[in-house]
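Architecture at a glance
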Amino acid sequence: MGYKVRIGALAFCAIGLVTVGAHAQYVYTRGPNHVNMSGTRCRAAFGDEQDDLTHSVQETSVKGNVSAPIFVVCPITRRATAYYGDSLSSSLATEVTATALKADVEDDNTGESVRCTPFAQSIGGSIVWGTSRYACSTAGGCTSTPAGSYTSPPGGVSTLTWSNPFTSQTSVQWGLACNMPANSSIHSYEATVSSN
């Protein structure tokens, strides 16, 4: 009798694995979908500058003793091997369209401003760049270096925003590239993804 119970348990486990496997492929036909990323995902573009950054809870910061801004790359993760599209058709797509981006940054440097630029890798492999935004007192950020010595409000952040950052460029790899001066940090960033 115990033997039959074990066989039944094995069969149940096998069915559970098949069911889990069937849901591994993510089908995206509804939107928008918001992809939230922690600032701790950002890394120095050049390996020798990684030691100039600190990664703490929910943010990446540039140390106060650096003399020049650090170029950091902040990837936006999507489900790496999954396809987006309609499961009932043969037109599943690996690319998606980011219709909006935003980043919460803190700029405590009186001489230079945080600047972030969205990027996407095109199907052919080339990099497509969006418009740069600078931390400033204007909601959403400025498109040019702000006059004077802007710093974020005490204990607060400046939010940079982009609408249609790549002119509807579909991509499998995208994110933000930021120039971060000393005493600046990126807290979080987010993409809004549309269905194709």
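**As for the overall build of the protein chain**
Of the regular secondary structure elements, the protein chain holds 1 helix and 13 strands. Reading the protein chain from its N end, one meets helices and strands in the order α-β-β-β-β-β-β-β-β-β-β-β-β-β. Expressed as a percentage of the 196 residues in the protein chain, the buried residues total 39%. Here the protein chain displays about 10,800 Å² of accessible surface, and carbon together with sulfur accounts for 55% of that area.

**Some points on the packing of aromatic side chains**
Overall, the coordinates contain 2 aromatic pairs when judged by the stated rule. Ring geometry for Phe 46 against Phe 71: centres 6.5 Å apart, planes inclined by 40°, an arrangement best described as tilted. With Phe 46 in the loop between β2 (43–44) and β3 (53–56) and Phe 71 in strand β5 (residues 70–76), this residue pair connects regions lying 25 residues apart in the sequence. In this structure Phe 46 comes out as partly exposed when scored by relative accessible area, which is 48%. Taking the relative accessible area as the measure of exposure, Phe 71 reaches 27% and is therefore partly exposed.

**What to know about the pairing of strand β6 (residues 96–107)**
For β6, the tally of buried residues reaches 9 of 12 residues, placing the bulk of the element in the interior. Sheet topology note: the β6/strand β13 (residues 184–194) ladder contains 10 bridges and is antiparallel. Each bridged residue has a counterpart across the sheet, and for Glu 106 the counterpart in β13 is Ser 185. Note that β6 and strand β10 (residues 158–163) share 6 bridges and pair antiparallel. Looking at β10, one finds that Ala 103 is bridged to Leu 160.

**A few points about the pairing of β13**
The buried count for β13 comes to 10 of 11 residues, which makes it a mostly enclosed element. One ladder, built from 6 bridges, connects strand β1 (residues 33–38) with β13; its direction is antiparallel. Following the sheet pairing, Asn 33 is matched in β13 by Val 193. Examined bridge by bridge, strand β4 (residues 59–62) and β13 share 2 bridges and lie antiparallel to one another. Note that in β13 the partner of Thr 60 across the bridge is Ile 186.

**Looking at the nonpolar core**
Counting 33 residues, the largest nonpolar core has Val 105, Trp 174, Leu 176, Ile 186 and Tyr 189 as its most contacted members. Looking at this core, the elements that each hand over two or more residues are β1, β5, β6, β7 (115–121), β10, β12 (173–180) and β13. When residues of this core are assigned to their parent elements, the largest contribution, 5 residues, is made by β6. When neighbours within four sequence positions are excluded, Val 105 is seen to be in contact with Val 114, Cys 116, Ala 135, Ser 152, Val 157, Ser 158, Leu 160, Ser 185, Ile 186 and His 187.

**Quick notes on the state of the cysteines**
What the rule picks out here adds up to 3 disulfides. Residue Cys 42 pairs covalently with Cys 74 via a disulfide, S to S 2.0 Å. In this structure the cystine formed by Cys 42 and Cys 74 twists about its S-S bond by roughly 115°; its chirality is therefore right-handed. Pair noted here: Cys 42 is in the loop between β1 and β2 and Cys 74 is in strand β5, with a separation of 32 residues, a long-range link. On the accessibility criterion, Cys 42 (0% relative accessible area) is buried. Shown here is the disulfide that connects Cys 136 with Cys 142, its sulfur atoms set 2.0 Å apart. On the S-S bond that ties Cys 136 to Cys 142, the torsion sits near 95°, and the link is right-handed. Here Cys 142 falls in the buried class, since its relative accessible area comes to 16%.

Cut-off values and rules
- Residues numbered from 1 in each chain as written.
- Predicted model: local features only at pLDDT ≥ 70, side-chain atom pairs only at ≥ 80, totals over all residues.
- Heavy atoms only, no water.
- Helix = DSSP H or I, 4+ residues; strand = E, 2+ residues; numbered from the N terminus.
- Buried < 20%, exposed > 50% of the residue type's maximum accessible area, 1.4 Å probe, protein only.
- Areas by Shrake-Rupley, 256 points an atom, 1.4 Å probe, with all protein chains shown as cover.
- Phe/Tyr/Trp six-rings, centres within 6.5 Å; stacked < 30°, edge-to-face > 60°.
- Pairing = 2+ DSSP bridges.
- Core = buried A, V, L, I, M, F, W, Y, C linked by side-chain atoms within 4.5 Å.
- Contact = heavy atoms within 4.5 Å.
- Disulfide = S-S within 2.5 Å.

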